[in-house]
Amino acid sequence: MARLNLQSLRRATPVLLGIVLFALGLYALYHLLKPVNAADVAAQIKATPASVLAAALGATAIGYVALIFYDWFGLRFIGKRLDRRIVALGGFLGYAFGNTIGVSVVSGGAVRYRIYSAVGLNAFEVAAVSGYIALALGTGLTLVGVAALAFHPGAVGALLPFAAPTIQGVAGLIVALSVGLIVWLSATQRSVSIRGHALRLPPLPDLGGQLVVTLIDIAAASFALWVLLPAGKPDYTIFVAVYAAATMIGVLSHVPGGVGVFETVVLGTMPASVPVSDAAAALLLFRLIYYLVPFALAFLLVALNEIRLAKGLGSRLLARAPALQPAVATLHGFSPGLVAAVTFGFGVWLLLITMLPTVRAAAISEGDIVGALLLEGGTLASAIAGVALIIVSHGLALRVSSAWWFAVGALLAGAVASLLNDFGAQNAAFLGAGALVLLPFRKAFDRPGQLTSGVFDLRWFATVIGAGAAAAAFFFFIHKAVPYSNDLWSEFSRDSNTPRALRAGLAATALLFFFGIYLLTRPIRKDLTKDPEPDALPHAAGLCAGADDPQCWLSQTGDKRFLFSDSGNAFLMYGIHGASWIVLGDPVGKVEEFEALVWSFADQATRANARPVFYEVSASNLPLWVELGLTLHKIGEEAVIRLPEFSLAGGRFKNMRTAMNKRQRDGYEFALLSAPHDVALIDELAVISDAWLGGKTGREKGFSVGRFDPAYLALFDIAVVRKDGRVIAFANVMKGKGGRNITVDLMRYLPEEASGLMEFMFLSLIEHYRDEGAEEFSLGMAPLSGLSERSVSRSWNRFGRLIYRHGGAFYNFEGLRAFKQKFQPEWRPRYLAIPPNISPLRAMGDVALLIAGSARGLIAK
């Protein structure tokens, strides 16, 4: 229990730290803006010249073009070349969505994975590109900011407790040492280890190109804000240091977009000659131009793709660019997360505008009760609609169909409430347009379920708390001239703007509070820790009969639990060890039901304070694991032989052909025995199994492999090898739908007959099923093989390679790979998919113990 609490605290620490830093940023921002009048900020925004806005928009465009080149250099670094249009699409969408939202399935990394994987990159190559970009951005911002301080130490002098010469000297030393180290590492191509990651820098020509891109990026972004600032602002070269420092502090705060934190640093470094209200107006415009304008363009691009899918518009145009088609097809996958983020944003917007004084109050006479009630009701309705949109955004992220309908209705209700409360026709039109832009996304929400289905995790609560804190700070800023008294709560009149906002805030807070109570007390739908129902095994067997992957027959071993989809047409098989709920392989059954099934499993595991772990998943469902926000770790490769292309004839398999012919001359015979099997055969096989187990140092394993059980073996054909009429080896054969895909599970033999026996068995099976018309034969997985040796590889890869090469005392990993390689198979990756805050070593430890049955079983070969 203590370990569990420590783990939960460790997971929660970054989120809690983000909340604290966001709250501190809001507090500091509120005090900086205390002397500012909201009307002055609005007036300054309206007075901004069109030429200044055009310059800021131009700088933003240049900045985003430069950002795209980060992707280009990142792909070049890992040795991949993609169509420049695909790089532009992936880069622009990654930054437009990541800069504004930066969480879940619409983070920059998730966006890049969807687009780049569609054109051939695997998950680790995309992760390498994302890591390259993060390091390039972070290093560039830091060095440019520190270099600017070396020339202008007074830029952030007010924030540092040091004299200007000290700042200048330390900054210059840091830049000199850092640049020298970077150039040396680039020139020598040596790697450096940082927190378990082995990193290597690009060669000098690429490093120089990346430096140019970084300078353009930072120069353009900082200019977009600088040009909006009023007269009296620092020189541009000085402001670059301010911008770099503010951006880095915003990134380190873990607050999406650095909202509140970035503004606080910029305002705190402005000279006294710059009016705070004018600087605040510039910052607000900068947020709109540099973040929301690109986001809106990217959102429009995805919306147009949804219209194309629904109506076929633009399909001809896309047909002229076949290279773009796979990447454009992935845009549909962004829809749920994007719509959820936009809906959440509309909810926050409605909360903020309820804090504003109404203009319509002056037009209402003292005795106009109906007008006063409409005014009061409109304010309360706006607050409630805002909270409803915030809550329902979670269901939208999970593709819940009813959540989409509710969101459209809430936006329209907010538009009506805005008219009643005189937030203006413009605001009502804005909310109505919001409902309109959701219409093309209807088909993206096809998952049945309740509005509040799924787990509302700590990050969701943190985001809601942040939104509530921002609304509260906005209220105090708008109404700071009104002294508080208890009478405000009961004051109802046409001029009672502050009381109305107070009551709306109370209604919103109460609604969120009771919703939180509901979430904490709602029952769990199913207890997945219970033993399976008696009919679960035959139900799963029926679905396996129609599945392509023969590995699903491992569901019949009797040591697994099951989660079936609501219709019963798909299932997951899993086991529990400690705090890990471990799914074996891909979902089985109807592909259309996989997503809802996997979400349900992950939700229920999280509610039970357990870790959802997906072990040995294939590459066929990678987008599904990305949708769940899971991290993929390669754990080995499956050896698959394409049977129509396999032949022992020719020079490739000369040695194997010679060995097989020799064994046939020595009296080895292969036979395939169809189920059901008589008792005498099972008894004969049991002797072989016992002898095989006796040669091992541990007991029989389970979960990911079958065990010797007559009821289990009765489900399969059994291949046997006889010598002199006596069975000396056997294997049970598992088949996919129609017998197209074949694999084996138990492979056991008499220890004294081991030499060359399994090779003979495999070759006999391969030739038999090739002649039967089967398409593929799987030799099973080679654990820990094929792990990356790139400089950007993770500590798991390095640890896995170490075990692979030197773990022979426990399991002959390298020898198994070498044996299977003799058949010259196609190697297909298998992955471990886990939440990003879980160590793969911990997850694999639980998997190993579940398979072995005990710590003692781990030492079995």
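This one's a predicted model, so the numbers in the text were calculated from it and none came from an experiment.

## Side note on the overall build of the protein chain
A count of helical and extended segments in the protein chain gives 29 helices and 14 strands. Taking all 861 residues of the protein chain together, the buried fraction comes to 50%. Across the protein chain, the fraction of contacts at a sequence separation of at least 24, relative to all contacts at a separation of at least 6, is 74%. Here the protein chain has roughly 38,400 Å² of accessible surface; of this, 64% comes from carbon and sulfur atoms.

## Digging into helix 24 (residues 679–694)
With 16 residues, helix 24 ought to run about 22 Å at 1.5 Å a step, and its terminal C-alpha atoms sit 22 Å apart, in line with that. When helix 24 is considered as a whole, its buried residues turn out to be Leu-681, Ile-682, Leu-685, Ala-686, Ile-688, Ser-689 and Trp-692. Considering only its buried residues, helix 24 is in contact with strand 9 (668–673), helix 25 (710–713), strand 10 (717–723), strand 11 (726–735) and strand 12 (741–749).

## Here we look at the nonpolar core
Grouped together as the largest cluster of nonpolar side chains are 129 residues, with contacts concentrated most on Leu-93, Ile-115, Leu-228, Phe-239, Phe-286, Phe-614 and Trp-625. If one sorts the elements of this core by residue count, helix 11 (residues 276–311) sits on top with 15 residues. Discounting residues that sit within four places of it in the chain, Leu-93 has contacts with Gly-98, Val-111, Ile-115, Ala-298, Leu-301, Leu-331 and Phe-334. Ranked by size, the runner-up nonpolar core spans 81 residues in total, among them Ala-541, Trp-553, Ile-728 and Ile-766.

## What about the packing of helix 18 (residues 458–478) against helix 19 (residues 497–521)?
Helix 19 packs onto helix 18 with a crossing angle of 170° between their chain directions and a minimal axis gap of 11 Å. When the axis of helix 18 is compared with that of helix 19, the two are roughly antiparallel. Seen from helix 18, the contacting residues are Trp-460, Phe-461, Val-464 and Phe-475; seen from helix 19, they are Thr-498, Ala-501, Leu-502, Leu-512, Phe-515 and Leu-519. Here the residues of the contact of helix 18 with helix 19 sort into nine nonpolar, one polar and no charged.

## As for the side chain of Ser-580
As for its position among the elements, Ser-580 is in strand 5 (residues 580–584). Polar contacts involving the side chain of Ser-580 include one to the side chain of Asp-846, which spans 2.6 Å. Filtering out sequence-adjacent residues up to four positions away, Ser-580 remains in contact with Gly-575, Arg-611, Val-613 and Asp-846.

## A word on the state of the cysteines
Scanning all chains against the criterion turns up zero disulfides. With no disulfide of its own, Cys-544 lies 3.1 Å from the sulfur of Cys-552, the closest cysteine sulfur. Accessibility expressed as a relative area gives 1% for Cys-544, which makes it buried.

## Here's the deal with a nonpolar patch on the surface
Nonpolar side chains collect at one region of the surface, where Phe-513, Phe-514, Ile-517 and Leu-520 lie side by side and expose about 470 Å² of accessible area between them. For Ile-517, the position within the fold is in helix 19. Given a relative accessible area of 37%, Ile-517 falls into the partly exposed group.

## Points about the side chain of Arg-830
Looking at the element boundaries, Arg-830 is found in strand 14 (residues 826–834). When its relative accessible area of 7% is taken as the criterion, Arg-830 is described as buried. Polar side-chain contacts of Arg-830 include one of 3.0 Å to the side chain of Glu-638.

## Quick word on the packing of aromatic side chains
What the rule picks out here adds up to 38 aromatic pairs. Ring geometry for Trp-349 and Phe-430: centres 5.6 Å apart, planes at 70°, overall edge-to-face. One end of the pair, Trp-349, is in helix 14 (residues 335–353); the other, Phe-430, is in helix 17 (residues 425–438), with 81 residues separating them in the sequence. For Trp-349, a relative accessible area of 37% puts it in the partly exposed group. Ring pairs connect the aromatic residues Tyr-64, Phe-92, Tyr-243, Phe-262, Phe-286, Tyr-290 and Tyr-291, which therefore count as one cluster. Seen from the ring of Trp-226, Lys-233 lies directly overhead, with NZ or CZ sitting 4.0 Å from the centre. Across the ring face of Tyr-291, the terminal group of Arg-287 is positioned such that the distance to the ring centre comes to 4.8 Å.

## Details of unusual backbone geometry
Between Ala-675 and Pro-676 the backbone carries a cis peptide bond, its omega angle lying at 0°. Counting through the fold element by element, Pro-676 comes out in the loop between strand 9 and helix 24. Phi is positive for Gln-824, close to 50°, though the residue is something other than glycine. Within the element layout of this structure, Gln-824 appears in the loop between helix 28 (813–821) and strand 14.

## Points about the pairing of strand 12
Burial analysis of strand 12 places eight of its nine residues in the buried class, the great majority of the element. Relative to strand 12, strand 11 runs antiparallel, the two being bridged by six bridges. Within the sheet, the bridge partner assigned to Met-734 lies in strand 12 and is Thr-743. Taking the residues between adjacent antiparallel strands as the criterion, strand 11 and strand 12 are bridged by five residues, where Gly-738 takes a positive phi near 70°. Strand direction decides the pairing type here: strand 12 and strand 13 (residues 776–783), joined by three bridges, are parallel. From the neighbouring strand, Asn-741 faces strand 13, where its bridge partner is Glu-776. Read as a crossover between parallel neighbours, the route from strand 12 over helix 26 (residues 757–772) to strand 13 is right-handed.

Thresholds, definitions, all that
Residues numbered from 1 in each chain as written. Predicted model: local features only at pLDDT ≥ 70, side-chain atom pairs only at ≥ 80, totals over all residues. Heavy atoms only, no water. Helix = DSSP H or I, 4+ residues; strand = E, 2+ residues; numbered from the N terminus. Buried < 20%, exposed > 50% of the residue type's maximum accessible area, 1.4 Å probe, protein only. Contact = heavy atoms within 4.5 Å. Areas by Shrake-Rupley, 256 points an atom, 1.4 Å probe, with all protein chains shown as cover. Expected span 1.5 Å × (residues − 1). Core = buried A, V, L, I, M, F, W, Y, C linked by side-chain atoms within 4.5 Å. Axes fitted to C-alpha atoms, helices over the stretch in contact; angles between N-to-C directions. Parallel < 35°, antiparallel > 145°, perpendicular 65-115°, else oblique. Nonpolar A, V, L, I, M, F, W, Y, C, P; charged D, E, K, R; others polar. Polar contact = N/O pair within 3.5 Å; in protein donor to acceptor, adjacent residues only side chain to side chain. Disulfide = S-S within 2.5 Å. Patch = residues over 30% accessible without salt bridge, like charges linked within 9 Å, V, L, I, M, F, W, Y side chains within 5 Å. Salt bridge = Lys/Arg side-chain N within 4 Å of Asp/Glu carboxyl O. Phe/Tyr/Trp six-rings, centres within 6.5 Å; stacked < 30°, edge-to-face > 60°. Lys NZ or Arg CZ within 6 Å of the ring centre and 35° of its normal. Pairing = 2+ DSSP bridges. Right-handed = clockwise from strand over helix to strand, strands pointing away.

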